[in-house]
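# Coordinates in review
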Amino acid sequence: MGLTIAQKIIKAHMAEGSMEPGQEVGLRIDQTLTQDATGTMAYLEFETMGIPRVRTELSVAYIDHNTLQSGFMNADDHRFIQSMAKKYGLRFSRPGNGICHQVHLERFGKPGKTLIGSDSHTPTGGGIGMLAMGAGGLDVAVAMGGGAYYITMPKMYKVNLTGHLRPFVTAKDISLEILRILSVKGGVGAVIEWGGPGIKDLSVPERATITNMGTELGATTSIFPSDEVTRAFLEAEGRGEDYVPLESDPDAVYDKIIDINLSELNAKIACPHSPDAVVDVAEVAGTKVDQVCIGSCTNSSLYDMLKVAALLKGKTISPDVSLSISPGSRQVLTMLADSGALSDILASGARVLECACGPCIGMGFSPNSGGVSLRTFNRNFEGRSGTRDGKVYLVSPETAVAAALTGVITDPEELGEMPHVTMPASFKVDDSAVLLPASPEEAERVEILRGPNIKEFPSGEPVADRFAADLTLKVGDNITTDHIMPAGSKILPYRSNIPHMAQFCFEVCDPSFPERAKAAGRSIIVGGENYGQGSSREHAALVPLYLGVRVVIAKSFARIHAANLINAGIVPLTFLDPADYDRLEQGDRLSFTGLRTGLETGAFVLTDETKGILIPLAGAFTERQRKILEAGGLLQYVAKGE
């Protein structure tokens, strides 16, 4: 039986385990990346391990999230990360150099390599043929120290593309179509491989748009073959020597196969407040638009920006619309300027923001109250934009431009003929904003610069056999890490200050939760399906840990968040019968007898002391995960040297 692309890379990087479906595998990691919203914590954790230098082939620290410096906090954290990178052997991408995923794709991604990043959209690297996965900061810290990264051996899904995209229908529309088909939990436990004759027309940046949004499916990662399209991209970046061909075997076996005829695809739009609330643009055409944002790690490549410039050339945006443009990297911005395309964008009335994540994580450019915002981003969770009642739609750059010009949601085909965009034969390479680390000899003299905003992170405690606590919060399905630990300009600067962040925990769901959790001392949370979907931010585990949460019970968990809970020392359990979710109420007194024993057997019994009922639960833990929980978390487990 042949192998898929992902199986080939997994086999070549196996450090531990078996490739049997459902079994845990430990993978050697070639590359890591961090960004500044999660990086500070990751480097504090790496420092705690006492390892003198990173042991990966390449590790890069990017500054792209917390770039609004309205106080000392972000600037201090950037100095801390820069000094850590210099001392411990990482490259440091300076503020303004670009969004981590776009820059990594341009300058560092290599087909056939493994990459994990402390950002859930790290699968962007799958567009260049990498096995690229989002992970919690602690998992990235361990990988930087030479440790394996553990995943459950995923299922393999194949999406076959046939036909050809019509003008104004794009890779973003393909991403939205697969979300319509599978939903935000349809890819959980799977790798999505893209193939078929239709991929030949997709450039690497377009492929990266698709793998980027595979994160919203809940997939472990998404991946494209490494072919002549890949070779051409690498050669244009001056990295032709990094090319290796990579494709699945003809007799590879897949758990699911999905066919999409590109010729039949229309422009799509994801309606508030979920990436899978997808319909044709024509179905919501005419809706008044207040704001349009073009950029983010999903749609900020040079190709995207040149198309936007061509569509805006000689035109002026609607007086009722505010339009922002965020180029994905300094390379993209420079080439836009050199080609004259930037002038076309500016002349339209657009506002050009710096090369950073910006509005995507609520870091500036929030919509007006109750405003409709069309964004080329990957997420439209409620409140994520920074405006609690903002209505965010996800669209392609072409659909975004159409709305910016007309003032209403408009099918981009109504713009007339799509201008032809010619890509340059080579990209302008300038890596001067990527700082190299000190030599091992010089590193001993490098001082780590810490600001007063950096506080100690909470420590878990070994799981006890008997445990009783109040159910301090009960939430519904598809609770995201933005619900648990919001982003935004008032919170992100405190990513290294867990005590301060704690006051915002579950702010979207229940602002009273932090105080109630503190008063309870130890507590339990109950959730529905797909609990913890979205960002990889481990703060969504560390902050509840600080507030005393020791067990989370849900109908099902998102992969990265479940791993983050275990790493923090919080026990994630699921209902054997999902109907039992309805039997529990917030405020109930709950208890376990045999909690530690259950880590070995996978069987747990929850007693609701308030109602006098017993509820069976399950927890599928590997031996390694069991030992992590028994130790009180991954840091404690690593410290024991197991």
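Residues numbered from 1 in each chain as written. Predicted model: local features only at pLDDT ≥ 70, side-chain atom pairs only at ≥ 80, totals over all residues. Heavy atoms only, no water.

### Quick word on the overall build of the protein
Looking only at helices and strands, the protein has 22 helices and 27 strands in total. The C-alpha atoms of the protein give a radius of gyration of 24 Å, which matches the 26 Å a tight globule of 642 residues would have. In terms of its C-alpha atoms, the protein occupies a principal-axis envelope of roughly 70 × 60 × 55 Å. Relative to its full complement of 642 residues, the protein shows a buried share of 64%. Taking the intrachain contacts of the protein between residues at least 6 apart in sequence as the baseline, contacts between residues at least 24 apart amount to 76%. For the protein, the computed accessible surface area is about 22,000 Å², with 49% contributed by carbon and sulfur atoms. (Helix = DSSP H or I, 4+ residues; strand = E, 2+ residues; numbered from the N terminus. Rg over C-alpha atoms; globule rule 2.2 N^0.38 Å. Buried < 20%, exposed > 50% of the residue type's maximum accessible area, 1.4 Å probe, protein only. Contact = heavy atoms within 4.5 Å. Areas by Shrake-Rupley, 256 points an atom, 1.4 Å probe, with all protein chains shown as cover.)

### Section: the sheet that holds strand β2 (residues 24–27)
Judged by pairing direction, the sheet is antiparallel, and its 3 strands sit side by side in the order β1-β2-β8 without closing on themselves. Because the sheet does not close on itself, it has two edges, and the strands there are β1 (14–17) and β8 (149–152). In this sheet, neighbouring strand axes are inclined to one another by 25° on average, regardless of whether the strands run parallel or antiparallel. Summarising the sheet, β2 and β8 pair through 4 bridges and their orientation is antiparallel. (Pairing = 2+ DSSP bridges. Axes fitted to C-alpha atoms, helices over the stretch in contact; angles between N-to-C directions.)

### Side note on the environment of Ile181
Along the chain, the position of Ile181 falls in helix α6 (residues 171–182). Residue classification places Ile181 among the partly exposed positions, given a relative accessible area of 35%. C-alpha of Ile181 to C-alpha of Phe504: the two residues are 323 residues apart in sequence and 34 Å apart in space. Excluding anything up to four places from it in sequence, Ile181 contacts Ile258 and Ile260.

### A short note on helix α7 (residues 204–213)
With respect to burial, α7 is a largely interior element, 10 of its 10 residues being buried. Buried within α7 we find Val204, Pro205, Glu206, Arg207, Ala208, Thr209, Ile210, Thr211, Asn212 and Met213.

### Examining the sheet that holds strand β4 (residues 58–62)
Spatially, β7-β6-β3-β4-β5-β20 is the arrangement adopted by the 6 strands of the open sheet, whose pairing is mixed. Two strands close off the open sheet at either side, each with one partner strand: β7 (131–134) and β20 (434–435). For strand β3 (residues 31–34) and β4, the ladder comprises 4 bridges, and the chain directions are parallel. Across the sheet, Leu33 pairs through a bridge with Val60, a residue of β4. Contacting β4, β5 (91–93) and β20, helix α3 (residues 72–88) crosses the sheet at an angle of about 155° to β5. Helix α5 (residues 137–144) rests against β3, β4 and β6 (114–117) of the sheet, and its axis sits at about 140° to β3.

### Remarks on the packing of helix α2 (residues 36–49) against α3
At a minimum axis separation of 10 Å, α2 and α3 run at an interaxial angle of 45°. In terms of orientation, α2 and α3 fall into the oblique class. Our pair here, α2 against α3, has a crossing hand that is left-handed. Residues Asp36, Gly39, Thr40, Tyr43, Leu44, Phe46 and Glu47 of α2 pack against Asp77, His78, Phe80, Ile81, Met84 and Tyr88 of α3. Among the residues making up the contact of α2 with α3, the classes are represented as 7 nonpolar, 3 polar and 3 charged. (Parallel < 35°, antiparallel > 145°, perpendicular 65-115°, else oblique. Left-handed = near helix turned anticlockwise from the far one by under 90°. Nonpolar A, V, L, I, M, F, W, Y, C, P; charged D, E, K, R; others polar.)

### So, the pattern of salt bridges
For the structure shown, the criterion picks out 33 salt bridges. Residue Lys200 pairs with Asp227 through a salt bridge whose shortest N-O separation is 3.8 Å. Within this pair, whereas Lys200 is found in the loop between β10 (190–195) and α7, its partner Asp227 is found in the loop between β11 (221–223) and α8 (228–236), the two being separated by 27 residues in sequence. By relative accessible area, Lys200 is classed as exposed at 54%. Of the charged contacts in the structure, one is a salt bridge between Arg589 and Asp470, with a shortest N-O distance of 3.1 Å. Linking Arg589 in strand β25 (residues 589–593) with Asp470 in strand β21 (residues 466–474), this pair joins segments that are 119 residues apart in sequence. Using a relative accessible area of 26% as the deciding quantity, one classes Asp470 as partly exposed. The structure contains a network of salt bridges with shared partners spanning Glu177, Arg180, Lys268 and Asp280. (Salt bridge = Lys/Arg side-chain N within 4 Å of Asp/Glu carboxyl O.)

### Side note on α3
Over its 17 residues, α3 extends 24 Å from the first C-alpha to the last, a length consistent with the 24 Å expected when each residue adds 1.5 Å. The buried fraction of α3 is high, at 12 of 17 residues. For α3, the set of buried residues is Met73, Asn74, Asp76, Asp77, His78, Phe80, Ile81, Ser83, Met84, Ala85, Lys87 and Tyr88. Of the residues trailing α3, Gly89 is marked for its positive phi of about 95°. (Expected span 1.5 Å × (residues − 1).)

### Details of the nonpolar core
Ranked by size, the top nonpolar core spans 106 residues in total, and within it Phe506, Tyr531, Ile553, Leu573 and Phe592 carry the most contacts. Excluding residues that lie within four positions of it along the chain, Ile553 makes contacts with Ile524, Ile525, Val526, Gly527, Leu573, Phe575, Phe592, Leu606 and Leu617. Counting 59 residues, the second-largest nonpolar core is a separate cluster that includes Leu33, Leu311, Ala341 and Ala400. (Core = buried A, V, L, I, M, F, W, Y, C linked by side-chain atoms within 4.5 Å.)

### Some details on the packing of aromatic side chains
Per the counting criterion, the structure on display carries 7 aromatic pairs. When the ring of Phe46 is compared with that of Tyr88, the centres are 5.4 Å apart and the planes differ by 85°; the resulting orientation is edge-to-face. Taken together, the positions of Phe46 in helix α2 and Tyr88 in helix α3 put the pair 42 residues apart, joining distant regions of the chain. Positioned above the aromatic ring of Tyr581, the side-chain terminus of Lys474 is 4.2 Å from the ring centre. Between the NZ or CZ atom of Lys555 and the centre of the ring of Tyr581, over which it lies, the distance is 4.6 Å. (Phe/Tyr/Trp six-rings, centres within 6.5 Å; stacked < 30°, edge-to-face > 60°. Lys NZ or Arg CZ within 6 Å of the ring centre and 35° of its normal.)

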